[in-house]
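# An overview of the molecular structure
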Amino acid sequence: MKQNSSIIKVILFLFFILFGCGKEELQIYISPDGNDGSFGDIENPIATLQKVVEITKSYSGEIPITVNIARGNYYLTKPLIFNSKNLGNKENPIDWKTNSLEKPIISGGIRITTNWEKEKNGLWSLDLPSDYKGKFRSLFINGKRSQRAKHPDSTYLRIVKAGDDDRTNFYFKEDDFPIVKDIKNLELVLFHDWSISRTNVKEIDWKKLNLKVVDSIGARSPSFFTISNWEKNPRYFLENAIEFCDSPGEWYCDFEIRKIYYYPLPNENINEMEVVIPVSDKLIQIIGNKNLDDGYLNFRNIVFEHTNWDLPEKGYGGIQACMFDSRESKDLKWSKLPGAIEIDYANNVIFENCEIRHTGGTGIWIRENNKNCKITNSYIHDISGNGVAIGEGQDRLVDNIPWWKSNPKEVSFNNAITNSLIENCGTQFYGAVGIWAGLVSNTVIEGNEIRDLPYTGISIGWMWDTISTPSKNNFINSNYIHHVMNKLSDGGGIYFLGKQPGSKITNNIIHDVTINAGRAESNGMFLDEGITELEVSNNIIYNIARSPIRFHKASKNIVENNILMCGENIPPIRYNRTDEKDIVKINNTVLSVNSESDQNELTVLTVKRIEEIKNKINK
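Keep in mind that what you see is a predicted model, and the values were worked out from it rather than measured.

Taken as a whole and judged by the stated rule, the model has 34 aromatic pairs. Relative to tryptophan 206, the ring of phenylalanine 172 lies with its centre 6.1 Å away and its plane at 75°, an arrangement referred to as edge-to-face. Taken together, the positions of phenylalanine 172 in the loop between strand S16 (169-171) and strand S17 (187-191) and tryptophan 206 in the loop between strand S18 (196-205) and strand S19 (210-213) put the pair 34 residues apart, joining distant regions of the chain. Classification of phenylalanine 172 as buried rests on a relative accessible area of 5%. Aromatic side chains tryptophan 436 and tryptophan 462 sit 5.3 Å apart centroid to centroid with 85° between the ring planes, which places their arrangement in the edge-to-face category. Residue tryptophan 436 is located in strand S42 (residues 435-437), and its partner tryptophan 462 is located in the loop between strand S46 (458-460) and strand S47 (475-477); the two are separated by 26 residues in the primary sequence. Aromatic rings pair up to connect Phe82, Trp96, Phe299, Phe304 and Phe351 into one cluster. Between arginine 198 and the ring centre of phenylalanine 429, over which it is positioned, the NZ or CZ distance is 5.9 Å. Directly above the aromatic system of tyrosine 156 lies the positively charged group of arginine 235, at a separation of 5.1 Å from the ring centroid.

For the rest of this paragraph, the subject is the side chain of serine 197. Position of serine 197 relative to the elements: it lies in strand S18. Note on serine 197: relative accessible area 1%, which makes it buried. At a separation of 2.9 Å, a polar atom in the side chain of serine 197 contacts the side chain of histidine 192. A polar contact of 2.8 Å, which involves the side chain of serine 197, links it to the backbone nitrogen of glycine 218. Non-local contacts of serine 197, meaning those with residues more than four positions away in its chain, are made with Leu188, Val189, Leu190, His192, Ile217, Gly218, Tyr316, Gly317 and Gly318.

Overall, the prediction assigns the chain a mean pLDDT of 94, with 96% of residues at 70 or greater. With pLDDT under 50 throughout, residues 1-13 is counted as low confidence; its partners more than four residues away or in other chains account for 5 contacts.

This paragraph deals with the pairing of strand S9 (residues 124-127). Where strand S8 (residues 117-118) and S9 come together, 2 bridges link them in antiparallel fashion. Its bridge partner being in S9, lysine 118 is matched across the sheet by tryptophan 124. Joining the antiparallel neighbours S8 and S9 is a turn of 5 residues, in which asparagine 121 adopts a positive phi near 60°. The pairing of S9 with strand S22 (residues 259-262) spans 4 bridges and is antiparallel. The residue of S22 that forms the bridge with serine 125 is tyrosine 261.

Here is what the cut-offs are and how they apply
- Residues numbered from 1 in each chain as written.
- Predicted model: local features only at pLDDT ≥ 70, side-chain atom pairs only at ≥ 80, totals over all residues.
- Heavy atoms only, no water.
- Phe/Tyr/Trp six-rings, centres within 6.5 Å; stacked < 30°, edge-to-face > 60°.
- Helix = DSSP H or I, 4+ residues; strand = E, 2+ residues; numbered from the N terminus.
- Buried < 20%, exposed > 50% of the residue type's maximum accessible area, 1.4 Å probe, protein only.
- Lys NZ or Arg CZ within 6 Å of the ring centre and 35° of its normal.
- Polar contact = N/O pair within 3.5 Å; in protein donor to acceptor, adjacent residues only side chain to side chain.
- Contact = heavy atoms within 4.5 Å.
- pLDDT = per-residue confidence, 0-100.
- Pairing = 2+ DSSP bridges.

Encoded structure:
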């Protein structure tokens with residue numbers, strides 16, 4: 001009798017939520033204080049995200065669904081998977097949202113709550129949880145990413161010379177770094193102009209002052225990624241040795257004895273700290289059916305944080321914008337840094353007023369064959385790789401032919417990134433960009449502030465040639481880009497590549513590209529190989545170490561009504577392997593950094609426009 005009563009209650013509950021108020025709509029409520037055995041109404045919320053995803057499979061595509069998320073923390077050890085079984089459609093969308101002023105947090109990490117023990121040399125130690133079996137590269141303390149033990153702490157070392165093969169070893173100076181007793185976890189980070197390599201150290205000859213790594217430094221393809229092909233005496237540093245854990249805020253984990261070591265910051269109460277280890281490699285994975293019009297999935301007012309991604313066994317040979325050579329197979333296909341959120345074959349997926357932070361890879365990647373997806377009024381920061389990625393590169397094959405030749409209709413198109421703040425990306429992989437878009441069409445990047453990056457602000461295009469691809473009609477408008485190119489070179493506030501007819505770069509403000517660390521120069525805009533039929537108009541570019549605009553192997557393009565401020569003896573436009581006659585210049589204004597009147601004019605022109613962009617961004 002009791003079982004029958006429960007069945008009746010479930011039927012009555014479903015009847016109420018489906019047909020109450022005269023409209024078919026499923027309302028599901030979830031709270032950290034809920035219970036997965038509950039009905040999921042406002043008074044009896046469900047506890048876990050996984051249970052909600054399971055419930056939506058029974059109703060998705062048939063009625064609109066709203067998932068009401070109470071404030072608090074929701075933990076994942078593996079990503080939530082959305083596919084045709086639990087995606088919406090145009091008539092029946094699915095909304096995940098909160099009505100709370102405090103955003104709920106979806107975390108791919110676990111908290112450590114055991115007590116710290118005092119060690120020597122200012123260090124404290126903490127045991128890993130007994131049920132934790134993985135490895136991690138990032139540690140978050142009191143809501144911030146802590147620095148893995150590093151030498152030197154804030155500057156760089158420089159190699160003396162490359163070894164004979166110019167790939168696997170180099171010579172260093174005596175006393176460049178302290179002797180490391182156990183090098184099996186020691187990691188080398190070496191700088192190329194626009195990317196880096198991260199790879200484990202194989203051996204160190206302390207007498208010959210020679211360091212050798214487990215595999216090639218730099219990608220195998222292109223072949224010019226040798227040690228010596230970049231700036232003279234390239235920069236490097238070392239990470240992940242207990243000997244380097246010597247400054248406040250640094251940590252080291254010995255996975256063999258299962259202990260974390262930490263050097264506390266001043267005034268930090270060691271036993272009141274919140275410590276989080278990232279576990280899940282992704283948080284959200286959306287895989288639609290390319291033959292169906294499914295998607296229509298909205299996330300509003302939610303924080304996404306904490307993902308983990310470890311290096312391949314033979315390291316990370318960075319190529320560009322977080323494409324890399326993993327050296328895991330004989331083929332030279334480029335690997336990609338994964339996203340905490342990934343979307344494929346979906347229509348109308350929207351992230352609005354969300355926050356994405358503390359990732360081990362890219363923040364969010366709108367990948368293959370997506371349409372009408374949008375990220376708006378969101379805050380994306382503390383990202384190990386690219387902040388946002390859209391589309392894909394050249395590699396994927398359809399019938400053994402590159403997809404952009406055999407099936408160009410699979411291009412991601414009509415996607416948008418608007419009115420968002422993107423900062424502090426590339427925290428581990430310095431070749432990252434704020435927003436990367438590959439071979440894409442009708443993409444809109446508008447009204448964003450992008451700042452504090454090691455490499456480029458916005459990068460769009462992925463063909464180093466004038467070959468026609470599906471890329472066209474891409475629009476970069478009214479973005480505020482500043483303080484980028486802080487570690488690498490050969491990029492800019494905006495990097496544009498390949499033939500993209502109908503595309504425009506308009507009304508952007510770019511400033512403070514002042515560090516030119518590598519061999520090649522950095523610019524306000526770097527318009528690279530194959531650029532054709534591009535309009536560059538009404539932009540303001542200033543406080544740039546080199547030329548505000550640089551063309552490289554470009555064809556016919558228009559530069560009109562831009563304001564370009566230059567330093568002494570710096571040309572406003574540089575033409576590398578480009579015929580200046582092919583660049584049509586109309587009504588551009590060139591200001592001098594040495595002129596007080598020009599500086600005053602620039603201030604008048606920029607203040608209002610910057611304020612307008614910032615006011616549209618919901619921080």
